[in-house]
Amino acid sequence: DFQENFAPVVHDTTFRIVMIMKILYGLTSGQIDVETAFLYGELEEELWMVLPEGYAEYHKEKTKEVIENTTHCLKLNRAIYGLVQAARQWWKKFKNELAKIGYIASSVDPCLFIKNQEGKLPSFIIIYVDDGGIIGTEKDIKEVIEGLSKTFNIKSMGKMEHFVGCHIIEEEGKLMIHQPKLITNLIKHFGSLIGDRVFKTPAGPKTVIMCPQEGNPLITPEKQKKFRSGVGMLLYLVKHSRPDINNAVRELSKVADGATEAHWKQLVRAISFVIQTK
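Residues numbered from 1 in each chain as written. Predicted model: local features only at pLDDT ≥ 70, side-chain atom pairs only at ≥ 80, totals over all residues. Heavy atoms only, no water.

**Quick word on the packing of aromatic side chains**
- As enumerated under the stated definition, the model contains seven aromatic pairs in all.
- Ring centres 4.9 Å apart and planes at 25 degrees place the aromatic pair Phe38 and Tyr81 in the stacked group. Of this pair, Phe38 sits in the loop between strand 1 (28-34) and strand 2 (48-50) while Tyr81 sits in the loop between strand 3 (73-75) and helix 3 (86-100), and the two are 43 residues apart along the sequence.
- Look at Phe190 and Trp264: their rings are 6.4 Å apart centre to centre, the planes differ by 45 degrees, and that puts the pair in the tilted class. Highlighted residues: Phe190 in helix 5 (residues 180-190) and Trp264 in helix 8 (residues 261-276), separated in sequence by 74 residues. Side by side, Phe190 and Trp264 carry an identical accessibility label, which is buried. (Phe/Tyr/Trp six-rings, centres within 6.5 Å; stacked < 30°, edge-to-face > 60°. Helix = DSSP H or I, 4+ residues; strand = E, 2+ residues; numbered from the N terminus. Buried < 20%, exposed > 50% of the residue type's maximum accessible area, 1.4 Å probe, protein only.)

Written out as structure tokens, the structure is:
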């Protein structure tokens, strides 16, 4: 019942570059959220679904027509939540609507939309599923919200202060991206393991994580699950705001399914460093 199901989201590098463009051009920002976004997607296939529980009884009360659970089904005119292709169809719909107001998708990142007008500053839109960031003049932002509101139920979120889990702080012509919520989660899950020792680096000199050697037992399955969780959170920090821990986290990710106590200590050290330099 589908041919394609891949739905793009804005790349973290694109997000950072657009923030740089904001500073260079002296632009402002706006943020929007599209309510019930997936319901706007237009289907390219013919799709049918069984009647939801209670639908037949509800319909029977509203009309004289008899609807039976066993003999009737529904044809979908639009995408609904739960369809494999719902996110993709939403992206295509949003892309088409942006084109109508002059925003063209970048050939480098399909979730970056650019509007260039001669003699005017450029404006940019980035989208991550149903969250959108607008970088432009106050007039640009107002025109985008008004244009999209003709088709979608748009909720204006004010200036871009939180996007893809990042907190954006701007002052005196400088901009900082950080992830306090994620570090709070690290403290919540691993804070009890952090001792008093202060680390100046996320890993020791020339640290290379080796695969488990014979005679070096693996940690318990429960601990292994927590190890993977910790590495995952660190990877998301690396992706957006902490390139300084990149090497340490890369090595830790090599043993995500087979960590030993030595690897566990390295993870605790990396997390300690992040918390101490938050």
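**Quick look at the sheet that holds strand 9 (residues 162-163)**
- Pairing within the open sheet is antiparallel, and its three strands lie in the order 9-10-11. Looking at strand neighbours, the two that pair on one side only are strand 9 and strand 11 (174-178), the edges of this open sheet.
- Pairing of strand 9 with strand 10 (residues 166-171), which is carried by two bridges, proceeds in the antiparallel orientation. Looking across to strand 10, one finds that His162 is bridged to His167.
- This element, helix 1 (residues 12-25), spans strand 9, strand 10 and strand 11 of the sheet and lies at about 160 degrees to strand 11. (Pairing = 2+ DSSP bridges. Contact = heavy atoms within 4.5 Å. Axes fitted to C-alpha atoms, helices over the stretch in contact; angles between N-to-C directions.)

**Considerations on the state of the cysteines**
- All chains considered together, the criterion is met by zero disulfides.
- Cys111 carries a free sulfur, and the closest cysteine sulfur to it, the one in Cys166, is 16 Å from it.
- Cys111 gets classed as buried once you look at its relative accessible area, which sits at 0%.
- Take Cys166: its relative accessible area is 1%, and that puts it in the buried class. (Disulfide = S-S within 2.5 Å.)

**Quick look at the nonpolar core**
- Core analysis: the largest hydrophobic core is formed by 42 residues, its most contacted members being Phe15 and Phe94.
- Residue assignment for this core shows that the elements contributing at least two residues are helix 1, strand 1, helix 3, strand 5 (112-115), strand 6 (123-128), strand 7 (131-136), helix 4 (138-149) and strand 10.
- The element contributing the most residues to this core is helix 3, with five residues.
- Ignoring anything within four residues of it in the chain, the contact list for Phe15 reads Val10, Ile126, Met160, Phe163, Val164, Cys166, Ile168, Ile177 and His240.
- Of all hydrophobic cores here, the second largest spans 24 residues; its members include Phe227, Leu237, Ile271 and Ile275. (Core = buried A, V, L, I, M, F, W, Y, C linked by side-chain atoms within 4.5 Å.)

**A look at unusual backbone geometry**
- With a phi close to 45 degrees, Thr36 is a non-glycine residue in the positive phi region.
- Among the secondary structure elements, Thr36 is positioned in the loop between strand 1 and strand 2.
- Take Thr36: its relative accessible area is 43%, and that puts it in the partly exposed class.
- Of note in the backbone geometry, Val129 takes a positive phi value of approximately 60 degrees without being a glycine.

Distances and angles like these do not, on their own, reveal function.
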